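# Commentary on secondary and tertiary structure
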Amino acid sequence: MQRGPAKPSFDHDPYPSTYHPYPGVPTLVTNVTIYDGEGGRIDGGSVLFADGKIVALGQTVAAPAGATVIDGRGKWVTPGVIDIHSHLGDYPSPGVQALSDGNEATGPVRAEVWAEHSVWPQDPGFSRALANGGVTTLQILPGSANLFGGRGVTLKNVYARTAQGMKFPGAPYSLKMACGENPKRVYGSKGQMPATRMGNIAVDRQTWIEASDYKRKWDAYEKKLADGTAKPADQPGRNLRNETLMGVLNGEITVQNHCYRADEMAQVIDMAKEFGYKVTAFHHAVEAYKIADLLKANGICAAVWADWYGFKMESYDAVNENLPLLQKAGACAMIHSDDANGIQRLNQEVAKTLADGRRMGIAIPDEVAWEWLSINPAKALRIDDRTGSLKPGKMADVVLWNGNPLSVYTRPEKVWIDGALLYDADDPKRRPVSDFELGQPGEGDVK
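Counting 82 residues, the largest nonpolar core has Trp208, Tyr277 and Phe282 as the members making the most contacts within it. The biggest single contributor to this core is helix 5 (residues 262–275), with seven residues. Setting aside its immediate chain neighbours within four residues, Tyr277 contacts Met177, Trp208, Val248, Leu249, Val255, Val268, Met271 and Ala272. Formed by 15 residues, the second largest nonpolar core is a distinct cluster that contains Ile42, Ile70, Val398 and Trp416.

This next bit is on the confidence of the model for the chain. For the chain, the average pLDDT comes to 96, and 98% of its residues sit at 70 or higher. This model gives residues 1–5 a pLDDT under 50, and the stretch forms three contacts once residues within four places in sequence are excluded.

Under the criterion given, the structure shown has 15 aromatic pairs. For the pair Phe10 and Trp218, a centre-to-centre distance of 5.1 Å together with 80 degrees between the ring planes defines the contact as edge-to-face. Of this pair, Phe10 sits in the segment before strand 1 (27–35) while Trp218 is found in helix 3 (residues 197–227), placing the two residues 208 residues apart along the sequence. Owing to a relative accessible area of 1%, Trp218 belongs among the buried residues under this scheme. Aromatic side chains Trp208 and Tyr277 sit 4.3 Å apart centroid to centroid with 25 degrees between the ring planes, which places their arrangement in the stacked category. Of this pair, Trp208 sits in helix 3 while Tyr277 sits in the loop between helix 5 and strand 11 (281–284); the two residues are 69 residues apart in sequence, bridging distant segments of the chain. With a relative accessible area of 0%, Trp208 lands in the buried category.

This paragraph deals with the pattern of salt bridges. For the structure on display, the rule yields 33 salt bridges. Notably, a salt bridge pairs Glu38 with Lys394, separated by 3.6 Å at the nearest N-O pair. Here Lys394 lies in the loop between helix 10 (375–380) and strand 14 (398–401) and Glu38 lies in the loop between strand 1 and strand 2 (41–50), a separation of 356 residues in the sequence. Look at Glu38 and you get partly exposed, because its relative accessible area is 35%.

To continue, consider the side chain of Asp418. Of note, Asp418 is situated in the loop between strand 15 (412–417) and strand 16 (420–424). A relative accessible area of 7% means that Asp418 is categorised as buried. A distance of 2.5 Å separates a polar atom in the side chain of Asp418 from a polar atom in the side chain of Tyr19. When residues no more than four places from it in sequence are discounted, the contact partners of Asp418 are Tyr19, Pro21, Gly52, Lys156, Met395, Ala396 and Asp397.

Now for helix 3. Between its first and last C-alpha atoms helix 3 spans 45 Å; for 31 residues at 1.5 Å apiece the expected length is 45 Å, and the two agree. Along helix 3, the positions that sit buried rather than exposed are Gly199, Asn200, Val203, Asp204, Thr207, Trp208, Ala211, Ser212, Tyr214, Trp218 and Tyr221. For helix 3, the secondary structure elements touched by its buried residues are strand 8 (148–156), strand 9 (174–178), helix 2 (181–188), helix 4 (240–249) and helix 5. Note on helix 3: the residue one or two positions beyond its end, Gly228, has a positive phi of about 80 degrees.

As a further point, take helix 8 (residues 346–359). Compared with an ideal rise of 1.5 Å per residue, which puts 14 residues at 20 Å, helix 8 spans 20 Å between its outermost C-alpha atoms and is within 8% of the ideal. For helix 8, the full list of buried residues reads Leu346, Asn347, Glu349, Val350, Ala351, Thr353, Leu354, Asp356 and Gly357. Considering only its buried residues, helix 8 is in contact with strand 6 (81–86), helix 7 (322–328), strand 13 (333–335), helix 9 (366–369) and strand 14. Just downstream of helix 8, Gly361 is the residue with a positive phi angle, here 95 degrees.

To continue, consider the state of the cysteines. Per the stated rule, a full pass over the model turns up two disulfides. The disulfide that involves Cys179 links it to Cys259, with 2.0 Å between the sulfurs. Placement of Cys179 in the loop between strand 9 and helix 2 and of Cys259 in strand 10 (residues 254–259) is noted, with a sequence separation of 80 residues between them. Accessibility classification places Cys179 together with Cys259 in one group, the buried group. One disulfide bridge connects Cys301 with Cys332, the sulfur atoms lying 2.2 Å from each other. Between Cys301 and Cys332 the sulfur-sulfur dihedral comes to about 85 degrees; the bridge is accordingly right-handed. Of the two residues, Cys301 is situated in strand 12 (residues 301–304) and Cys332 in the loop between helix 7 and strand 13; the sequence distance between them amounts to 31 residues. Taken in sequence order, the bonded cysteines of the chain link in the pattern 1-2, 3-4.

Of note, Gly89 is situated in the loop between strand 6 and helix 1 (124–133). Along the sequence, Gly89 and Cys301 sit 212 residues apart, while their C-alpha atoms lie 25 Å from each other. Discounting chain neighbours no more than four positions away, the residues touching Gly89 are Ser118, Val119, Trp120, Asp123 and Phe126.

What counts as what
- Residues numbered from 1 in each chain as written.
- Predicted model: local features only at pLDDT ≥ 70, side-chain atom pairs only at ≥ 80, totals over all residues.
- Heavy atoms only, no water.
- Core = buried A, V, L, I, M, F, W, Y, C linked by side-chain atoms within 4.5 Å.
- Buried < 20%, exposed > 50% of the residue type's maximum accessible area, 1.4 Å probe, protein only.
- Helix = DSSP H or I, 4+ residues; strand = E, 2+ residues; numbered from the N terminus.
- Contact = heavy atoms within 4.5 Å.
- pLDDT = per-residue confidence, 0-100.
- Phe/Tyr/Trp six-rings, centres within 6.5 Å; stacked < 30°, edge-to-face > 60°.
- Salt bridge = Lys/Arg side-chain N within 4 Å of Asp/Glu carboxyl O.
- Polar contact = N/O pair within 3.5 Å; in protein donor to acceptor, adjacent residues only side chain to side chain.
- Expected span 1.5 Å × (residues − 1).
- Disulfide = S-S within 2.5 Å.

What follows is the structure, given as structure tokens:
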């Protein structure tokens, strides 16, 4: 008798998404300039979405009976902005110690903690990112005090009473790792390892050795379960830290690695090969331009800023053309915020670095640059089959901008998530307000 695959011995997703899209109506937006998120552009185009999905886009799209039709003449439509590096909810506003829940800085290896267990859904930053920045999806990461900071979570930018109600259905977990100054400063100052960059790598490697041993024990047990020879005494003990790391080694969990210097990124790539895991993206990566070919060859993305630099030594050797240089080399690159204010204007950050690239002779069309805000972060989050571009069948995560979205004068006019209109600049009732803000001065203010 042939046996089917055995179920995992423990639940790999004990805190599943409970997200349900808000109700929407069939909507056709006409006479707009469309950036489809994958480098395509349609002038004088229309986009139709219904039942939460993109239905069609082109220069001529017919409106079905009963559809809401919006004349967007002189305006732009894009996919919703995706921020791959945010701490909203874990470092919410107001920024006080009582709400500072993003760094479990009690040891250099804290892979057992999960960012979602600190997410405060009432953080006013979520609504500001939606209304001011057109952000429809974001990854919440633990901070970078630790070599292994814990699991990250991908959220839909919707109001919910719980973090699970915001969780992007089916999005894989991530592991936040960090190299460089932060871990060695935090723990070296306490007189413990790591206090140097060589200490960082040594602790990393020892941790992966232990995780690999843990994985071997569980693989052996799962094999016995599959062939029916397992006994209760064979089951290894569970360890939350190593469960996360085993998920990485099994390819279930992505690695999002805070790293600035080119030499350190290269060392991390070698370490990943040593232990058989893959780095999905380097974050901040101010020296990524130096190793763009290496990133491309290894299929690793770079999430970078437009022009943040110089605030510590490892961020010193930055260039404003980092993103265009990565694009020219054929590497996967994107913008990110790491900041509650920056997330509200990622479109402007792209405009800055795009202009810097053009000044040095790298001519990248606006519609191609929008990939840095949409499909590329979607790929790095492994959700590009569902969002990140305006393709039929994908989630209707859509922004109508009141002008060219790469202009500092432009703002989101309307934002839909899964086809539901969640923000409308012309309708005060659709200016999201968190419970925390109710009754406070400035309630609902999105200027």
